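Inside the fold
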Amino acid sequence: MEKNGEKIVNPAAKGRETSEFLMAIVRTLSTSADFEQREKEKARIEKTFTQSDKRLGELVSENYQDLAQITQDFSTISKSVNEAREKIKKIKDDLSSCKTLLHCKRDELRRLWIEGVEQKTMVAMLDQIEQIKEVPTKLDNLLLKKHYLHGTELVVNAVAKLENQLVGVEALRDLKAELITRKEQLHEVLIDELNKQIYIKSQSPNFSSLQGKKSSTAQKQDNLKRKGVNGIPPPEKMEFGKEVKEDLNSNPEDDPTHFMAILVESLYMLRKIPEAAEGLKVRIQPELSAIVARTSQHILESTSNHVDSSNQSQCLLDLLENIFHQFRFVAHMHKVVLRNLHRIIVSGVPVRQECLYDMTDVWSKIQAVVELLLREYLDVENTSSSRQRAPSSFDEPSTDINSFFAKKRPAKPKKMALFRFDASIHAISTNSYVDDSRAFDTGDLFSSSLLAEMGLEKNQMVCKPSVYNITAIFKPLELFIREIEDAIACPDGRSSLQAFVTDFVQNIFLGQVHYTVSTSIGSATKGFDALRHVVDHKIQKELGVIKPLLTSTVTVDKNLQELRELMQDLPDYADQFLNMICNTLKEYRDTCHSAYREIVQYDSDERRVISAMWAKDEDISRFLRSLPSWRSLQSASGQELASEDVCSEEEIKALNSKEAQILISNLTSSDAMIQQEIITDVTQMRTIANVHESLEWFSNRMKDFSNCLSARSATTAADIAASEYPPVSEKTLSSLKNLVKDFQDLAEICLLLLHLEVRVHCFYFLLPVAKQSNYAGPIDDLDPDSNVLKLNKDLSSMEEVLQQSLQPKKFRYIFESLGFLVASILMNSIQYMKKINENGIKKMCRNLFAIQQNLTNITMSREADLDHARQYYELLYINPDDVITMIAEKGGRYTFQEYTELVKLHHRSHAALSPSQLERRMQKLKEVFFKTPNGECDP
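Below is a summary of the structure that appears in this document.

The rules behind these values
- Residues numbered from 1 in each chain as written.
- Predicted model: local features only at pLDDT ≥ 70, side-chain atom pairs only at ≥ 80, totals over all residues.
- Heavy atoms only, no water.
- Salt bridge = Lys/Arg side-chain N within 4 Å of Asp/Glu carboxyl O.
- Helix = DSSP H or I, 4+ residues; strand = E, 2+ residues; numbered from the N terminus.
- Buried < 20%, exposed > 50% of the residue type's maximum accessible area, 1.4 Å probe, protein only.
- Phe/Tyr/Trp six-rings, centres within 6.5 Å; stacked < 30°, edge-to-face > 60°.
- Lys NZ or Arg CZ within 6 Å of the ring centre and 35° of its normal.
- Patch = residues over 30% accessible without salt bridge, like charges linked within 9 Å, V, L, I, M, F, W, Y side chains within 5 Å.
- Areas by Shrake-Rupley, 256 points an atom, 1.4 Å probe, with all protein chains shown as cover.
- Core = buried A, V, L, I, M, F, W, Y, C linked by side-chain atoms within 4.5 Å.
- Contact = heavy atoms within 4.5 Å.
- Expected span 1.5 Å × (residues − 1).
- Arc of directions from axis to C-beta.
- Axes fitted to C-alpha atoms, helices over the stretch in contact; angles between N-to-C directions.
- Parallel < 35°, antiparallel > 145°, perpendicular 65-115°, else oblique.
- Nonpolar A, V, L, I, M, F, W, Y, C, P; charged D, E, K, R; others polar.

What follows covers the pattern of salt bridges. Counted under the stated rule, the structure contains 26 salt bridges. Between Asp140 and Arg182 there is a salt bridge; the shortest N-O distance is 2.5 Å. One end of the pair, Asp140, is in helix 4 (residues 106-144); the other, Arg182, is in helix 6 (residues 173-200), with 42 residues separating them in the sequence. Given the relative accessible area of 39%, Asp140 is considered partly exposed. The residue Glu265 makes a salt bridge to Arg343 at a minimum N-O spacing of 3.5 Å. One end of the pair, Glu265, is in helix 8 (residues 256-269); the other, Arg343, is in helix 11 (residues 312-346), and 78 residues separate them in sequence. Residue Arg343 is classed as buried on the basis of its relative accessible area of 16%. Counted as one network, the salt bridges with shared partners bring together Lys586, Arg589, Asp590 and Asp742.

If you want it as structure tokens, here you go:
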């Protein structure tokens, strides 16, 4: 055998080889007969021995220390072995002696053993009795520190011992009865503690007061999902596989989740799981009502010195948000309890499933309590008997403004009260006192049964019940309802609380809003002079307008503003509120058109004044709207004029001339004078001006509102998030825009009517000046014509009322270019004069000067067009031949037609002139005029 290249010799084999070697030597020596051979063998053996001895001596000298140590150790071991042999021998002898002795005293030993066992049993029983006697004290200490698991285990084990090991101990009979009683009562303590953890601990330590900063309901909901309630992890994330243990060195309430598990485990030890489930179930609604009562009292205490009519809805919002927060905690804790109950059932404890409850029961009770609370604060019991239903739909077709000027049957006059006392100082003060005294005296309004069921007293209401309280609480209420619907599977897709809210809004609130708005607007728009009252300066300043607005318009706008706010407060019903807005606009539009028709008609046949008919005429209206003066008004309203729309002075003059020609051609084509076709009462013009300013202001506000709305079909999620209002029906939005356009059109028609009415008045007073007055009278008849004086007085009256009612730019639009029209009328009227002398010329010049002075005071400009007209009449001082020569030399300043009428009047005024002379002068005028570079011919 070899290892690492070296041959390893087995010691046994080596010993055999040595023995065989010695035997071979002995055999050789004994069998050898030759002495010499034996001597050789001997010499060889001696030599080998000498070598071995030498080698042995070397090895001994080399390993002397080791050899000496081995020898010494061997001696010690040999000595110890000998001593052990002697001891074992002695022990055997002793055991043999003991065996002999024990065999002799067997009965006595058995007796002593039995006595020992009896004594040990007695000591253990005495220890148990001592421990049992200390159980009540220990139990009290454990329950005081709320270590219920140890307490329950202690009392259960104690009763088990008393009923088993210690059943025969008569001295423990009273203690046994006490412990059994306490065991039976302990589950009630545990159930009470469970309810306390579920409901009392849900009391939020920091209520959001009116002065404090409160987080939104959505943020609370997110915090609930992320962190759990008050630091408790969601039940879905709790680990129930571990054994429930209780640490006596810590406060069990520091970990509410573990504490709830301990309480349920304690109930399981008492075998009271069904009773606990029933006890929790029956106390859900009373405890929730108690939460409402406590929270209401806290809100009242925190806001007792700050509650007024302006923050009552905020008090209700704070109340509901705090209640919702606590109800979420209650539901969360019930979920924790149910998870522990199901853990015990899964572990194999025989509990009937029908004995338990589930989260559907909890959320149902929560919905019932919230519904009762809402019934009180929304005053459902008192409003359901007098419901006012809102219109279900609104389908407004595209409207043509001309349709409102069609002939309609006159409305029958309504009987009106001569006078009322409800606006007197006494009535107002009395009503204010009664309203203030009843602000929180709601004893007659509330159902006593509902209050008792809620656990509330009449003095615990945080605000006065009203259907309008829904506006402040709708959004957080809808968020809470969605939480409920997400938590439970509703059979019809919506919860009972959602059904109540929907029914309330649709059947009560919308009707109440519609009734309130209709009543408010009806009282402002109905009556003989409803559209003549304007707001006072205080309201005018608050609205930021410089001219008076109709009280009815401001009232309508205020009510529509409330409806717009309701669209934001109740976004789910935005379409219904927009329908109400459209209905209100439609009714007010009809009211404004009826008032307009009453102003512009002047007899029973509903014939309208000339200006109204012209404003209605599409051609004239289109032309007037194309003038620079009208476009400048639009520019002032926020629409900038394009560069191509800016006209030069010559173009403006040409357009004014065209306007004057259109009006003159329409009013002078007939020989009949204007009779009743004008508005003679300036107060009606003030009304029209007020209507214009009011409807323009109103239409602009409604236009801004309509621009903020978006159709539901064309709205993205980003648009909804960025929009101030929720998306609405495209059809209703289109109807709203059509109605806004109707108001804008009526406002523009009112301004056009005023523009035209002032000009028709000029025709009314100036046409008779030439047709009926005598301009060939005596020398003392030099005063202005009476019609001119009447016109000046009329213009001054219109200036006074319009300046108070119209903005400066619109006032300028009414009266600008009026001098050009007056000059055109009087110059065109020369054809109606039979004859004229120098006194007549002076009288006409005085007419022009008087009008010029009056218009200058009105427009604050020179009115050079009247100078132009006066110079035209002064040409009558000159001989027609000289006038023709002047045209030839300097060019014509007037039209060919105007020069022609001038020459004709000169010939009519001088009877000695023959027709041939007139014909000659007309021929010469024509030749000179059309050869003159500066001359122009009126086509």
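Moving on from the coordinates now.
According to the stated counting rule, one finds 21 aromatic pairs in the structure shown. Measuring from ring centre to ring centre gives 4.9 Å for Phe811 and Phe815, while their planes differ by 45°; the resulting arrangement is tilted. Linking Phe811 with Phe815, this pair stays in helix 29 (residues 808-815), spanning four residues, or about one helical turn. On the basis of relative accessibility, which here comes to 1%, the residue Phe815 falls in the buried class. In this structure an aromatic cluster arises from ring pairing among Tyr872, Tyr873, Tyr894, Phe896, Tyr899, Phe929 and Phe930. Its guanidinium or amino end placed over the ring of Tyr832, Lys771 lies 4.5 Å from that ring's centre, counting from NZ or CZ. For the cation-ring pair, Lys843 lies above Tyr775, with the distance from its terminal atom to the ring centre recorded as 5.4 Å.

On the surface, Leu56, Val60, Tyr64 and Leu67 cluster together into a nonpolar patch covering about 380 Å² of accessible area. Secondary-structure elements contributing two or more residues to the nonpolar patch are helix 2 (35-62) and helix 3 (64-104). Here Leu56 shows up in helix 2.

Glancing now at the nonpolar core. In a soluble, globular protein the nonpolar side chains are often hidden away together inside. Formed by 218 residues in total, the largest nonpolar core has its most connected members in Phe577 and Leu736. Counting residues per element, this core draws most heavily on helix 27 (residues 730-771), at 23 residues. Setting aside residues no more than four positions away along its own chain, Leu736 makes contact with Leu578, Ile581, Cys582, Leu585, Met702, Phe705, Ser706 and Leu709.

So, about helix 8. Given a rise of 1.5 Å per residue, 14 residues ought to cover 20 Å, and the 20 Å separating the end C-alpha atoms of helix 8 matches this to within 8%. Here helix 8 lies mainly inside the structure; ten of its 14 residues are buried. Three or more residues of helix 8 are buried, namely Thr257, Phe259, Met260, Ala261, Ile262, Leu263, Val264, Glu265, Ser266 and Leu267. Its buried side turned inward, helix 8 meets helix 5 (148-163), helix 6, helix 9 (273-282) and helix 11.

The subject of this paragraph is helix 9. Of all the positions in helix 9, only Ile273, Ala276, Ala277, Gly279 and Leu280 are classed as buried. Viewed along the axis of helix 9, the buried residues span an arc of 165°, placing them on a single side of the element. Here the buried face of helix 9 lies against helix 6, helix 8, helix 10 (284-302) and helix 11.

Here the focus is the packing of helix 19 (residues 551-569) against helix 20 (residues 574-600). The axes of two packed helices give the description: the angle between them and the distance between them. It is the contact of helix 19 with helix 20, at a shortest axis distance of 9 Å, that shows an interaxial angle of 170°. If you check the angle between helix 19 and helix 20, you find them roughly antiparallel. Taken together, the residues of helix 20 that come into contact with helix 19 (itself represented by Ser552, Thr553, Val556, Leu560, Leu563, Arg564, Leu566 and Met567) are Ala574, Phe577, Leu578, Met580, Ile581, Thr584, Leu585 and Tyr588. Here the residues of the contact of helix 19 with helix 20 sort into twelve nonpolar, three polar and one charged.

These values are about where atoms sit, not about what they do.
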